[in-house]
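Topology and contacts: notes
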Amino acid sequence: MMTINGCVVVAIRDDLDDQEIVALQDQLVDEVARQSAHGVVIDISGLEIVDTFAGRMLAAMAQMAQVMNARTIVVGMRPAVAMTLVELGMTLEGVETALNADRAINAITGDRQKIS
Amino acid sequence: MTLRKSVTLKTHGDIAYARQVAGELMVEIEASAIKRTKFVTAVSEIARNAINYGQGGVITFHLAEASGRKRALAVCTDRGPGIEDVDAALRDGFSTGKSLGLGLGGAKRLVDQFEIVSTPGSGTRVSLECGPR
Ligand SMILES: Nc1ncnc2c1ncn2[C@@H]1O[C@H](COP(=O)(O)OP(=O)(O)O)[C@@H](O)[C@H]1O
Ligand SMILES: [Mg+2]
């Protein structure tokens, strides 16, 4: 986990278990608070697939970030994964996506500049 | 039909391993990226259910070949409590585990052929079959 231009960037591994996910979520909340971050970028390029379990985790992370006033963007989602999520019936509400971390960070920081 | 691999399902790490084996099998049948992703996702859902609700189980992977066409097959078996009402369990949003309830129905939509046999008191068996395209 690292912070670039006020965005916390976190990469998700393929083999996280329940406990590790909870730990990661706690860590994320701490980092967003500590850095007063206004964005969270979740990199899922390490995930071959996103099942309902992983999808729920992503939605939960986005929700937490939203509560803390940080915008969340998921990057690295393969097209086949996006199609599969639709068939699963997972809408991932509140979760934005971008092609890569650079674009996501630009979108978030650009957004901030417009506001201020 | 040839058995390719058998994976014991006890921990979350075992689900990741089952996904890996499922992916390799789809590569072996020269499946498209979308088909591979669908099959691996369905396997992940079913394997997790076996652990969360079926007290763990085993998933076997097979290569089926009929008239020159290769297909991937996964059969997940557990000796858990079984499912009282399979039709209800397949419905989107139905969960006894306070989760999304999209796994069974989703897995069914993602594969070419889906079969579930569950006997209350003795366990559940789910079969998933997928072709390359
Ligand atoms: N292997 C199993 N053994 C016993 N019950 C199961 C099994 N698989 C699924 N179920 C039941 O079917 C329900 C729906 O499963 P699923 O669609 O995957 O949703 P979820 O996992 O989110 O609960 C589960 O909540 C559970 O009650
Ligand atoms: Mg499930």
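Counting from 1, residues in each chain are numbered in the order their sequence is written. Lettering of chains starts at A and numbering of ligands starts at 1, both following the order in which they are written. Residue-level local features of this predicted model are given only where pLDDT is at least 70; pairs of side-chain atoms are given and counted only at 80 or more, and the full residue set underlies all totals for whole chains, interfaces and linings. Only hydrogens and water are removed before side-chain values are computed, so all heavy atoms of the structure are retained for them.

Looking at an unreviewed UniProt entry, one finds chain B named ATP-binding protein and attributed to Flavimaribacter sediminis.

**Some points on the nonpolar core**
Residues Phe39, Phe61 and Phe114 of chain B are the most contacted members of the largest nonpolar core, which totals 66 residues. Top contributing element to this core by residue count: helix H2 (residues 33-52) of chain B, with eight residues. Those residues in contact with phenylalanine 61 of chain B that lie beyond four places of it in its chain are Thr2, Leu3, Arg4, Lys5, Val7, Ala18, Val21, Ala22, Leu25, Val43, Leu73 and Ala74 of chain B. For our purposes a nonpolar core is just a set of buried Ala, Val, Leu, Ile, Met, Phe, Trp, Tyr and Cys residues, chained together by side-chain atoms within 4.5 Å. Each residue's exposure class comes from its accessible area (1.4 Å probe, protein chains only) as a fraction of the maximum for that residue type: buried when under 20%, exposed when over 50%, partly exposed otherwise. Listed in part, the eight residues of the second largest apolar core include Ile73, Val75, Ile105 and Ile108 of chain A. Note on conventions: DSSP H or I runs of at least 4 residues are helices, E runs of at least 2 residues are strands, and numbering of each starts at the N terminus. Contacts are assigned to residue pairs that have any heavy atoms within 4.5 Å of one another.

**Quick notes on the sheet that holds strand E2 (residues 57-66) of chain B**
Residue and element names in this part refer to chain B. If you walk across this open sheet you meet the five strands as E1-E2-E3-E5-E4, and the pairing is antiparallel. Looking at which strands have only one partner, the edges of the open sheet turn out to be strand E1 (2-9) and strand E4 (113-119). Sheet twist, expressed as the average angle between the axes of neighbouring strands with direction ignored, equals 15 degrees. Strands pair, by our definition, only if DSSP identifies at least two bridges between them. Bridge count for strand E3 (residues 69-78) against strand E5 (residues 123-130) is seven bridges, and the pairing is antiparallel. Paired with alanine 72 across the strands is cysteine 130, a residue of E5. Whenever a helix is involved, its axis is fitted only over the stretch in contact; in every case the axis is a line through C-alpha atoms, and angles between N-to-C directions fall within 0 to 180 degrees. Each of E1, E2, E3, E4 and E5 touches H2; the most contacted strand, E3, lies at about 15 degrees to it.

**A short note on empty space enclosed by the protein**
The pocket and cavity definitions rest on a 1 Å grid over protein atoms only: a 1.4 Å probe that fits but cannot leave marks a cavity, an open set with protein on both sides within 12 Å along at least five of seven lines marks a pocket, and residues lining either have an atom within 4 Å of a point. Grid points are joined across faces, edges and corners, and a volume is the space filled by probe spheres set on the points. As enumerated under the stated definition, the model contains one cavity of 30 Å³ or more in all. Its volume calculated, the largest cavity comes out at about 160 Å³. In this structure, the largest cavity is lined by 17 residues; those nearest its centre are Asp14, Leu16, Phe53 and Ala54 of chain A together with Arg19 of chain B. Breaking the lining of the largest cavity down by element, the ones donating at least two residues are helix H2 (52-67) of chain A together with helix H1 (12-28) of chain B. Residue polarity follows a fixed list, in which Ala, Val, Leu, Ile, Met, Phe, Trp, Tyr, Cys and Pro are nonpolar, Asp, Glu, Lys and Arg are charged, and the others, Gly among them, are polar. Residue composition of the lining of the largest cavity, by class: ten nonpolar, one polar and six charged.

**Quick notes on the pattern of salt bridges**
Residues and elements named next belong to chain B. What makes a salt bridge here is a side-chain nitrogen of Lys or Arg within 4 Å of a carboxyl oxygen of Asp or Glu, nothing more. For the coordinates displayed, the defined rule picks out 13 salt bridges over all chains. The shortest N-O distance in the salt bridge between lysine 35 and aspartate 112 comes to 2.7 Å. One end of the pair, lysine 35, is in helix H2; the other, aspartate 112, is in the loop between helix H4 (103-110) and E4, and 77 residues separate them in sequence. According to the relative accessible area criterion, lysine 35 is buried, its value standing at 10%. Its relative accessible area of 38% is what places aspartate 112 among the partly exposed residues. A salt bridge links arginine 71 to glutamate 129, with the nearest nitrogen and oxygen atoms 2.6 Å apart. Of the two residues, arginine 71 is situated in strand E3 and glutamate 129 in strand E5; the sequence distance between them amounts to 58 residues. Classification of arginine 71 by relative accessible area gives partly exposed; the value is 22%.

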